[in-house]
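# Structural characterization, general
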Amino acid sequence: MAARLGYRTSKVVLDAVFRISIYWPSGYLCAQLTTEALGGGLRIEPGAGVIEFQCSTLPIVPGLYRIDLAIEASGPGN
């Protein structure tokens, strides 16, 4: 699976973390893709950009799922 998240910001964002959470129909979290594993947040410069996630194996079967997308940031001014 490949997932692309597009974003646009008007200011520098420090310690940004991008996250995709995939939930089973029952509400159980079955998979999560995140940039947090890179050892801290990312510095995002003003303008548009794309973060792409690659997942070679995704443990789901055909059906309806809930997908949550999040961009989180910490620190002053974020």
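Located above this text is the structure these notes cover.
Residues numbered from 1 in each chain as written. Predicted model: local features only at pLDDT ≥ 70, side-chain atom pairs only at ≥ 80, totals over all residues. Heavy atoms only, no water.

## A word on the environment of Gly63
Tracing the sequence through the fold places Gly63 in the loop between β5 (47-54) and β6 (66-72). On the basis of relative accessibility, which here comes to 55%, the residue Gly63 falls in the exposed class. (Helix = DSSP H or I, 4+ residues; strand = E, 2+ residues; numbered from the N terminus. Buried < 20%, exposed > 50% of the residue type's maximum accessible area, 1.4 Å probe, protein only.)

## Some thoughts on the packing of aromatic side chains
Summed over all chains, the structure comprises 2 aromatic pairs. Seen from their ring centres, Tyr7 and Phe18 are 5.4 Å apart, and the 50° between their planes marks the pair as tilted. In this pair, Tyr7 is assigned in strand β1 (residues 2-9) and Phe18 in strand β2 (residues 13-23), connecting sequence segments 11 residues apart. Considering the side-chain rings of Trp24 and Tyr65, the 5.4 Å spacing of their centres and the 50° angle between planes classify their relative orientation as tilted. Of this pair, Trp24 sits in the loop between β2 and β3 (29-34) while Tyr65 sits in the loop between β5 and β6, and the two are 41 residues apart along the sequence. Across from the ring centre of Tyr23, 4.1 Å away, lies the NZ or CZ of Arg66, which sits over that ring. (Phe/Tyr/Trp six-rings, centres within 6.5 Å; stacked < 30°, edge-to-face > 60°. Lys NZ or Arg CZ within 6 Å of the ring centre and 35° of its normal.)

## Considering the side chain of Arg19
Secondary-structure assignment places Arg19 in strand β2. At 2.8 Å, the side chain of Arg19 forms a polar contact with the side chain of Glu36. At a separation of 2.9 Å, a polar atom in the side chain of Arg19 contacts the side chain of Glu72. Setting aside its immediate chain neighbours within four residues, Arg19 contacts Gln32, Leu33, Thr34, Glu36, Asp68, Leu69, Ala70 and Glu72. (Polar contact = N/O pair within 3.5 Å; in protein donor to acceptor, adjacent residues only side chain to side chain. Contact = heavy atoms within 4.5 Å.)

## Here we look at the nonpolar core
As a rule of thumb, soluble globular proteins bury nonpolar side chains together. Core analysis: the largest hydrophobic core is formed by 15 residues, its most contacted members being Phe18, Ile20, Ile44 and Phe53. Within the residue set of this core, elements represented by two or more residues are β1, β2, β3 and β5. Leave out the neighbours within four places in its chain, and Ile20 touches Ala3, Leu5, Ala31, Gln32, Leu33, Phe53, Ile67, Asp68 and Leu69. (Core = buried A, V, L, I, M, F, W, Y, C linked by side-chain atoms within 4.5 Å.)

Everything listed is a geometric property; what it means functionally is a separate question.
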